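Fold and contact review
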Amino acid sequence: RVGNFSSSDIHKLMSTGKGVNGFGASAITYIAEKNIERKMGISLKQEVTSKPMAWGHLMEAWVFQDDRFLDTSYQSVGDVTLVHPSIPFWCGSPDYKSMTKGVVADCKGYERKNFAEYADTILANDVELLKLNHPEEYWQLVSNAIILGVNKIQPILFMPYFNELEAIAEFIDGTDIDIQNPFKYRFIFDAI
């Protein structure tokens, strides 16, 4: 991903303004950062793990492993970086894909406020509202759809019930979800 435009940050390129070729400030900054990464050969981002990030990653794995949520046509591909077929500096890592359905999906496991706001938008079933209220999520889905060559996007939002936390803790213990950092999900065990 070093020096490449990624689906998770592609929304920055969608800003318009008075910059070169009509780009907005966030697009100009993003382009400049990617150029620096190419020159240095290293990412400018420092790897940081937070509870919300760990929770989101865990919810992505939890949703995939339970057939109540996704049918068997879906593949989990979040750990693979896919490159656009003709633009080598454009990549993405969608959470799931279903080539038989021609759909790309991303799962979000937000904290309460963000969950409620995103849920309201998804339930409205209005793509323009998704684009307006949640441009980061919208453009990430669109970018991944373009990279995969599919024409359907599926936002997925998940929050378990409190009584499911014990099963989630067992899921963590029974998998190698993050063998490098076993204390990453301790906050879940502490909540039970």
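Since we're looking at a predicted model, the values are computed, not measured.

This paragraph deals with the side chain of serine 93. Note that serine 93 resides in the loop between strand S4 (90-92) and strand S5 (96-98). Within the structure, the side chain of serine 93 is placed 3.2 Å from the backbone oxygen of valine 80, a separation counted as a polar contact. Engagement of the side chain of serine 93 in a polar contact is seen with the side chain of threonine 81, the distance being 3.4 Å. Sequence-distant contacts of serine 93, defined by excluding residues within four places in its chain, comprise Arg1, Gly78, Val80, Thr81, Asp106 and Asn144.

With mixed pairing, the 3 strands of this open sheet are ordered in space as S1-S4-S3. Edge positions in the open sheet fall to strand S1 (5-6) and strand S3 (82-83), since each of these has one partner strand only. Looking at chain direction, S3 and S4 are connected through 2 bridges and run antiparallel. Bridge pairing links valine 83 to cysteine 91 in S4. Sheet strands touched by helix H5 (residues 135-148): S3 and S4. Its angle to S4, the strand with the most contacts, is close to 110°.

A separate point is the sheet that holds strand S6 (residues 103-108). One key point about sheets: their strands pair by backbone hydrogen bonds, in either a parallel or an antiparallel sense. As summarised here, the arrangement of the 4 strands in space is S2-S5-S6-S7, forming an open sheet in which the pairing is mixed. Here the strands that pair on one side only, and so sit at the sheet edges, are strand S2 (75-76) and strand S7 (152-157). With 2 bridges joining them, S2 and S5 adopt antiparallel strand pairing. Following the sheet pairing, serine 76 is matched in S5 by tyrosine 96.

Within this structure, the stated rule accounts for 6 salt bridges. The partner of lysine 12 in a salt bridge is aspartate 9, and the shortest N-O contact between them spans 3.7 Å. For the salt bridge of lysine 101 with aspartate 71, the shortest nitrogen-to-oxygen distance reads 2.3 Å. In this pair, lysine 101 sits in the loop between S5 and S6 while aspartate 71 sits in the loop between helix H2 (51-65) and S2, placing the two residues 30 residues apart along the sequence. The partly exposed category is assigned to lysine 101, whose relative accessible area is 38%. A cluster of three or more residues bridged by salt bridges with shared partners is formed by Asp9, Lys12 and Lys45.

About the cut-offs
Residues numbered from 1 in each chain as written. Predicted model: local features only at pLDDT ≥ 70, side-chain atom pairs only at ≥ 80, totals over all residues. Heavy atoms only, no water. Helix = DSSP H or I, 4+ residues; strand = E, 2+ residues; numbered from the N terminus. Polar contact = N/O pair within 3.5 Å; in protein donor to acceptor, adjacent residues only side chain to side chain. Contact = heavy atoms within 4.5 Å. Pairing = 2+ DSSP bridges. Axes fitted to C-alpha atoms, helices over the stretch in contact; angles between N-to-C directions. Salt bridge = Lys/Arg side-chain N within 4 Å of Asp/Glu carboxyl O. Buried < 20%, exposed > 50% of the residue type's maximum accessible area, 1.4 Å probe, protein only.

Purely geometric numbers; function is a separate question.
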